[in-house]
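Fold and geometry: a report
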6 protein chains.
Amino acid sequence: MLLAHSTWPEIDAFLKTSKTVIIPIGSNEQHGPMGLLGTDWLCPEIIAHAAEKQGNILVAPTFNIGMAQHHLAFSGTISLRPSTFMAAIEDWVKSLGRHGFQHIYFLNGHGGNVASIEAAFSEIYSQWSYKGIRCPFALKLTNWWDLPGIASLCARQFPVGHGSHATPSEIAVTYAAYPDAVRNVPMEPKIAPNGPIRDALDYRARFADGRIGADSSLATIALGQEIIDAAVPALLKDVEKFSTEVRP
Amino acid sequence: MLLAHSTWPEIDAFLKTSKTVIIPIGSNEQHGPMGLLGTDWLCPEIIAHAAEKQGNILVAPTFNIGMAQHHLAFSGTISLRPSTFMAAIEDWVKSLGRHGFQHIYFLNGHGGNVASIEAAFSEIYSQWSYKGIRCPFALKLTNWWDLPGIASLCARQFPVGHGSHATPSEIAVTYAAYPDAVRNVPMEPKIAPNGPIRDALDYRARFADGRIGADSSLATIALGQEIIDAAVPALLKDVEKFSTEVRP
Amino acid sequence: MLLAHSTWPEIDAFLKTSKTVIIPIGSNEQHGPMGLLGTDWLCPEIIAHAAEKQGNILVAPTFNIGMAQHHLAFSGTISLRPSTFMAAIEDWVKSLGRHGFQHIYFLNGHGGNVASIEAAFSEIYSQWSYKGIRCPFALKLTNWWDLPGIASLCARQFPVGHGSHATPSEIAVTYAAYPDAVRNVPMEPKIAPNGPIRDALDYRARFADGRIGADSSLATIALGQEIIDAAVPALLKDVEKFSTEVRP
Amino acid sequence: MLLAHSTWPEIDAFLKTSKTVIIPIGSNEQHGPMGLLGTDWLCPEIIAHAAEKQGNILVAPTFNIGMAQHHLAFSGTISLRPSTFMAAIEDWVKSLGRHGFQHIYFLNGHGGNVASIEAAFSEIYSQWSYKGIRCPFALKLTNWWDLPGIASLCARQFPVGHGSHATPSEIAVTYAAYPDAVRNVPMEPKIAPNGPIRDALDYRARFADGRIGADSSLATIALGQEIIDAAVPALLKDVEKFSTEVRP
Amino acid sequence: MLLAHSTWPEIDAFLKTSKTVIIPIGSNEQHGPMGLLGTDWLCPEIIAHAAEKQGNILVAPTFNIGMAQHHLAFSGTISLRPSTFMAAIEDWVKSLGRHGFQHIYFLNGHGGNVASIEAAFSEIYSQWSYKGIRCPFALKLTNWWDLPGIASLCARQFPVGHGSHATPSEIAVTYAAYPDAVRNVPMEPKIAPNGPIRDALDYRARFADGRIGADSSLATIALGQEIIDAAVPALLKDVEKFSTEVRP
Amino acid sequence: MLLAHSTWPEIDAFLKTSKTVIIPIGSNEQHGPMGLLGTDWLCPEIIAHAAEKQGNILVAPTFNIGMAQHHLAFSGTISLRPSTFMAAIEDWVKSLGRHGFQHIYFLNGHGGNVASIEAAFSEIYSQWSYKGIRCPFALKLTNWWDLPGIASLCARQFPVGHGSHATPSEIAVTYAAYPDAVRNVPMEPKIAPNGPIRDALDYRARFADGRIGADSSLATIALGQEIIDAAVPALLKDVEKFSTEVRP
């Protein structure tokens, strides 16, 4: 069930059967010469929407802009400051919590979001912790590549050149969902360099075409579909586990 | 051209031909028993994506959560505080401005967003105004229903019962784009009441099923398509005018 | 009754008879070569203070600095960032709400304030809406020129050259109240140009002497007095209507 | 010269002769059964406006709402949070600094404002200090009762019962300027108690009618006029000294 | 009892006997050629830790970074913006208040902190005052040099050259506690100049080696020990008085 | 070299030889019945101060309060909200960056700090990235237990019962540095449970005495000293590597 494609009485009805909602969250940022700017929000959206067709889950609109300051030297990147990102996450959570959702699950598509999302969770929990009132909802963050079975699948698919940004796995997922997105660009060098992540100009100086450690050209529609097919049941299971967690 | 479905070198190339970008912006909020929660962000997205197929424009990802505090007593509504909303708009604009975009056009789908978006524009301009440096980009907000010709079309389509929230026009646009979205729910009363907008519980006390002044049941796929077909050229023309504005 | 010229026991007594308070709100910003920098806060103050002599209303101190970033390239302008302005409005409202005022009416004198004031209202209401508690007070914004009868009066007074900034009507109101304020400056051009409002340097490049679309030289003491005389009963009636509104 | 009663070309002309501006700043808060709620902003306004008639100084609009959280249990008090107050002071200063004012002098009427105003000054200076750029303006805070000669005058006028809130001196100043403001209320007890200042309910529990250590009933129009007459030359001298300070 | 060297069950036990906690608070900033950068946080820590050995008091960790923007032109200074400093104080207080502490005593070592700390107190109290709920704890700020008897002792020790920054008294206290800290640097001039405090570059232009009005070379271990010995009983007495204050 | 025990001319001199500074950062929070509340800031301080005696490094004052909202249901815990924590980190970094430090190394002692510190780094870098100016300094976060060799040492020392909060390793480090801190409390159960971390009351419901997965009673002075002895050279090496990193 897609929240944005439902009416409020339908959400009221859903809430009688489940208190769980899934938020695909990502970033809109450069992904090298072969990857879409939307890769990081498209991937969790693709997986969550595919899962929604198979399981009785509720998927919120996609939180499509995240923390991507280090990519700002590449055109098309849109980034929120961590403080803005955190405030927005807080407002999403407060809104959903107000309706009675007790399990709010973020399916994340961008490694650079993790620290800010977790800091946002702590900021939200803080409000209850200072007051000494128990927070009525639980928050959970899962990166789609950390869903059980996915990392090992990607390692099998891309034993060399998986890397950590503009990876063939994430690009493959978008290619599988949007065949028009397939690009054919020679990678130079074949495998991009590695290094630390700092500000945007430092990043561009280190990573000339935007990739980190990855050979994006390994991405294919078929491999992407394989990932999606593995991620869907893994997600449904992970959400189920979260939803049925016993609260002490 | 959809920004999220492009690569950064493609945006670099686009920037050599145009400095204009369009951001569909809306809200995810109750739209009565017949309207989708996503109505207000789907409408500008539908129109902008249709326009993108006809003109040489660049459409950013959709800013899908807006200022909807007054709808929070209806399930599924997700709202940003005005202050959060403004900070996020600022970050989007700074990101795009950094890449060299000089004309940033927001196509809005939610009346409740207008004050906060304009306040955000002023907050952004302020930073230049206090310093006495000229802001390198221009910002523009247009509600899709204010595009030339649309208001008169809707008045013809819905001479009675158009109202101001969960209007048949906006619902029709979503029905045209997503035929599965069509709902058939008896309106009771046929035309919803009018009144002032305050906090969420006040709103719910005044507007029992969420509509304001509207008879949503007048929405049809055909009427929606008619609106889209009229909005697309109007948008392209409005964007062209903004892009070619002479700067004093 | 002027709040600032009352004692706290007198306000306690007033609160037994009425829960309404009026806040004149404006801006301190350039108004061309003939208009006072204080025009936008003086006008609502003049009208509210005149009304206070005729009706049993309570008028708070004047909120004299507003959102005027676009005027900062002209000396004497003092502007709050929208975010500051909103925080200050919130504090005024919380203070007055705490004393039991249930109808807080802002009589505004600056068009550039509208978006920020409405965003502030939403920010205040949000706090109640997220919590699901009904807000104990209602907020209302009225521009003095939108009081019933005023726009048509000004149209009759100034059929040509009324414009939208440094208008003869607002300048006339200040001239009527402060005859020493009358200036006699040749307008060049007679009617100022129109255009969009952006940052301060853009504004100055478009509007050389600060006026927009107006011929300030049409202002006279007599015309100003006529406006005040019409505005006073209109304000009293509007406030009465707001105060007696039935809450659902 | 009153800034709000001037036009922008007149301020431009003034800036060619002086870079100094005076801001009367106070608070709107209870002042016991005999003192006006506006006392703390009226006093510096009265003194500054009287001085403006005698010297070539520029007086900005009055900053009439300050930090008065401890008075909120008494009706009519309007308080800004320190953080809001500081942001607003920053915006006033940035606006005036942008026009070329180099000496910004706050004439304060409320002891409770002092910490927040000084913290605001440090917040403003910080922005230059972190960057290592010299701040182009100097800020100064003077309480009107600290102007040379005033404290000793008040001590002579009110050897007993001067106290520290709702003092006969501040009330006398408002009585002198607004004879209609004179109230005749028996003080019970004659001299109010002393004690620490904390939150609003603590304050009300300690200071039943709002006064601290003061016998407000000693205030007379004549004594108030005497204070004003002494404060005016003292202010002009203090401002002159500040304006001519040699910068190292 | 040192809070950081205790376990939570030990603090639980302490709270059954006392609701008072002492926070040494200072700044890390230049103190001229003879004074340690840590002087302002070391002094209150030294005194509080010495007092803790003699009385049944609880001493929190030292708040070691304060508001030192004016010293930023000298290497090693670390400053918080007033707004950051205030937010941090609020969080410390909320944390301690949550555990049931009712008397929170800040022993301060930096004059430049005073305004921001007091503004922070007001910000904290505000939250209760707007709501009309009594704040459950009391806050108190004491500068160590304002403890009874200390100012007169320092005046006797340093009749000439005490000054106001990098004073021989504060440096002596650190020398007494850390004999390795003793430096022997010729003071040039012997007594530093006085002047106003503004931004960092202005400060450096006025006060070449960082001192204000002081002859730091008068500091000795013996004089420092004398100050500590006097401050300890004065602190214990002041804390006792605060802890046993009767609440109206 | 300890920054707080140095003078500003000494830091000036140091800066001629090195642009690196180390900030021990931790938290003040419950560590079960045997661990000190200060454990998490004492550990990095102990290690950094020991390293400072052996290598030519500069150690800043300890940042002793971190993000510990989940521990607030245990007495003595002091927590900053993530947003406050981030603002404070920003101010520390800006202060040190202003003096010319180019390598700012945080040695962290609290896992719960990691997300907020990394979010703070991104917030700081953002300011440069939006502007398109290269950030003049590099930031690095290392948890002391992630220094090369430490995790394997702890695994050898505590093959069972190391856990993740109130671990025997961190407690041992404090015992080694402060022998008086040794407590002897029976652990019940011997090994604490594991589980997710949410708000404070949820935490207390899951982890009755505060420990997570740990048997704190395994801590001894000797084991702690062994950890310190291993951490010191590892830290010096890691700092050296960071300081000599080649910037692209």
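Note that residues are indexed from 1 along each chain, following the sequence as it is written. Written order decides the labels, with chains lettered from A and ligands numbered from 1. Where local features are concerned, this predicted model is filtered to residues with pLDDT of at least 70; where side-chain atom pairs are given and counted, the filter is 80 or more; whole-chain, interface and lining totals use all residues. Note: side-chain values were computed over all heavy atoms of the structure, leaving out hydrogens and water.

Stated precisely, the cut-off is as follows: UniProt positions are given in the numbering used here, feature names are shortened, and annotations may be inferred rather than shown by experiment.
Within an unreviewed UniProt entry, the label attached to chain A reads Creatininase family protein, and the organism entered is Asticcacaulis aquaticus. Taken verbatim from the UniProt record of chain A, the Sequence similarities (unreviewed entry) comment is "Belongs to the creatininase superfamily."

1. A look at the arrangement of the chains
The line we're drawing: Contacts are assigned to residue pairs with any non-hydrogen atoms lying within 4.5 Å of each other.
The two units chain B and chain E remain apart, with a minimum C-alpha distance of 18 Å. The two units chain C and chain F never meet; even their closest C-alpha atoms stay 18 Å apart.

2. Side note on the interface of chain A and chain B
Many analyses report the size of an interface as the accessible area lost when the parts associate. Test applied: For any pair of parts, buried area is found by adding up, for both, the accessible area (1.4 Å probe) each one loses once the two are put together. Should a side-chain nitrogen of Lys or Arg be within 4 Å of a carboxyl oxygen of Asp or Glu, the pair is scored as a salt bridge. Distance and chemistry together define a polar contact, namely a pair of N or O atoms within 3.5 Å, with one atom able to donate a hydrogen and the other to accept it when in protein, and with adjacent residues in sequence counting only for side-chain atoms on both sides. By the criteria applied, helices consist of DSSP H or I runs no shorter than four residues and strands consist of E runs no shorter than two, each listed in order from the N terminus.
Counting residues at the interface gives 53 residues for chain A and 53 residues for chain B. Of the roughly 4,200 Å² buried between chain A and chain B on both sides combined, carbon and sulfur atoms contribute 58%. Considering only the surface of chain A that becomes buried against chain B, H5, W8 and S75 of chain A emerge as the three largest contributors, covering 18% of it. The interface formed by chain A and chain B includes six salt bridges. Between E10 of chain B and R183 of chain A there is a salt bridge, and its shortest N-O distance comes to 2.7 Å. On the surface where chain A and chain B come into contact, there are 26 residue pairs in polar contact (both at pLDDT 80 or more). Breaking the side of chain A that touches chain B down by element, the ones donating at least two residues are α1 (8-15), α2 (39-54), α3 (82-98) and α7 (200-206) of chain A. No other element matches the nine residues that α3 of chain A contributes to the side of chain A that touches chain B.

3. Considering the sheet that holds strand β2 (residues 103-108) of chain F
Residue and element names in this part refer to chain F. Here is the rule: Pairing between strands is defined by DSSP: at least two bridges between them are needed. Here an axis means a line fitted to C-alpha atoms, over the contact stretch when the element is a helix, while the angle between two N-to-C directions is reported on a 0 to 180 degree scale.
Taken together, the three strands give an open sheet; going across it, the order is β1-β2-β3, and neighbouring strands pair in parallel fashion. The open sheet has two edge strands with one neighbour each: β1 (20-25) and β3 (138-143). Strand-to-strand, the axes of this sheet are offset by a mean angle of 20 degrees, without reference to chain direction. Across six bridges, the pairing between β1 and β2 is parallel. For I23, the partnering residue across the bridge sits in β2 and is F106.

4. A few points about the packing of helix α2 (residues 39-54) of chain F against helix α8 (residues 221-244) of chain F
Residues and elements named next belong to chain F. Applicable threshold: Note: crossing handedness is left-handed where the near helix turns anticlockwise from the far helix by less than a right angle, and right-handed where it turns clockwise. Residues were grouped as follows: Ala, Val, Leu, Ile, Met, Phe, Trp, Tyr, Cys and Pro as nonpolar; Asp, Glu, Lys and Arg as charged; and all remaining residues, including Gly, as polar.
One way to put it is that α2 packs onto α8 with a least axis distance of 9 Å and a crossing angle of 65 degrees. Every pair of crossing elements has a handedness; the one defined by α2 and α8 is right-handed. In contact with I46, I47, A48, A50, A51 and Q54 of α2, α8 contributes I228, A231, V232, L235 and L236. Of the residues contributing to the contact of α2 with α8, the split by class is ten nonpolar, one polar and no charged.

5. Comments concerning the relation of the copies chain A and chain B
Counted only if it meets this: Fitting of the copies onto one another was done by least squares over C-alpha atoms, counting residues only where both copies have pLDDT of at least 70.
Under the fitted operation, chain A is carried onto chain B by 0.0 Å of movement along the axis and a turn of 180 degrees, and the coordinates agree to an RMSD of 0.0 Å. Taken together, the rotation and translation relating the two chain copies correspond to the operation of a two-fold axis. Taking C-alpha positions as the reference, the residue of chain A nearest the rotation axis is T84 of chain A, at 3.3 Å. A share of 100% of the interface residues of chain A reappears at the interface of chain B, consistent with the copies meeting face to face through the same patch.

6. A closer look at the packing of aromatic side chains
The test is simple: Centre distance within 6.5 Å is the pairing criterion for rings of Phe, Tyr and Trp, where only the six-membered ring of Trp is used; planes under 30 degrees apart are then read as stacked, over 60 as edge-to-face, and the remainder as tilted. Only protein chains enter the calculation, and the probe is 1.4 Å; a residue is then buried if its accessible area is under 20% of its type maximum, exposed if over 50%, and partly exposed in between. A positively charged side chain is recorded as over a ring if its NZ (Lys) or CZ (Arg) lies within 6 Å of the ring centre. The angle to the ring normal must also be within 35 degrees.
Under the defined criterion, the tally for this structure stands at 54 aromatic pairs over all chains. Taken together, a centroid distance of 5.4 Å and an interplanar angle of 75 degrees make the contact between F63 of chain E and F85 of chain E edge-to-face. With F63 of chain E in the loop between α2 (39-54) and α3 (82-98) and F85 of chain E in helix α3, this residue pair connects regions lying 22 residues apart in the sequence. When its relative accessible area of 0% is taken as the criterion, F85 of chain E is described as buried. Judged by centre distance (6.3 Å) and plane angle (90 degrees), the ring pair of W128 of chain F and F137 of chain F falls under edge-to-face. The exposure class of W128 of chain F is partly exposed, given its relative accessible area of 24%. Given the relative accessible area of 7%, F137 of chain F is considered buried. Among the aromatic side chains, those forming a connected cluster through ring pairs are W8 of chain A together with F74, Y203 and F207 of chain B. The ring centre of Y130 of chain F lies 5.7 Å from the NZ or CZ of K94 of chain B, which sits over that ring.

7. Observations concerning the side chain of N143 of chain A
Secondary-structure assignment places N143 of chain A in strand β3 (residues 138-143). With near-sequence residues (within four places) excluded, N143 of chain A lies in contact with N108 and V114 of chain A.

8. Some points on helix α5 (residues 150-157) of chain C
Residues and elements named next belong to chain C. Filter applied, for reference: By construction, the arc corresponds to the directions joining the helix axis to the C-beta atoms.
Those residues of α5 that sit buried are I150, L153, C154 and Q157. The buried residues of α5 occupy an angular sector of 95 degrees when projected down its axis, which confines them to one face. Buried positions along α5 lie against α6 (168-177) and α8 (221-243).

9. Describing the sheet that holds strand β1 (residues 20-25) of chain E
Sheet strands pair by backbone hydrogen bonding; their relative direction is either parallel or antiparallel. All names here are of chain E. Read across the sheet, three strands follow the order β1-β2-β3 without closing on themselves; strand pairing throughout is parallel. What marks the edges here is a single partner per strand, and that holds for β1 and β3 (138-143). Recorded for the sheet is a direction-independent mean angle of 20 degrees between the axes of neighbouring strands. Of the strand pairs in this sheet, strand β2 (residues 103-108) and β3 are connected by six bridges, and their pairing is parallel. Along β3, the bridge assignment pairs L107 with T142. The sheet contacts of α2 involve β1 and β2, and relative to β1 the element is tilted by about 145 degrees.

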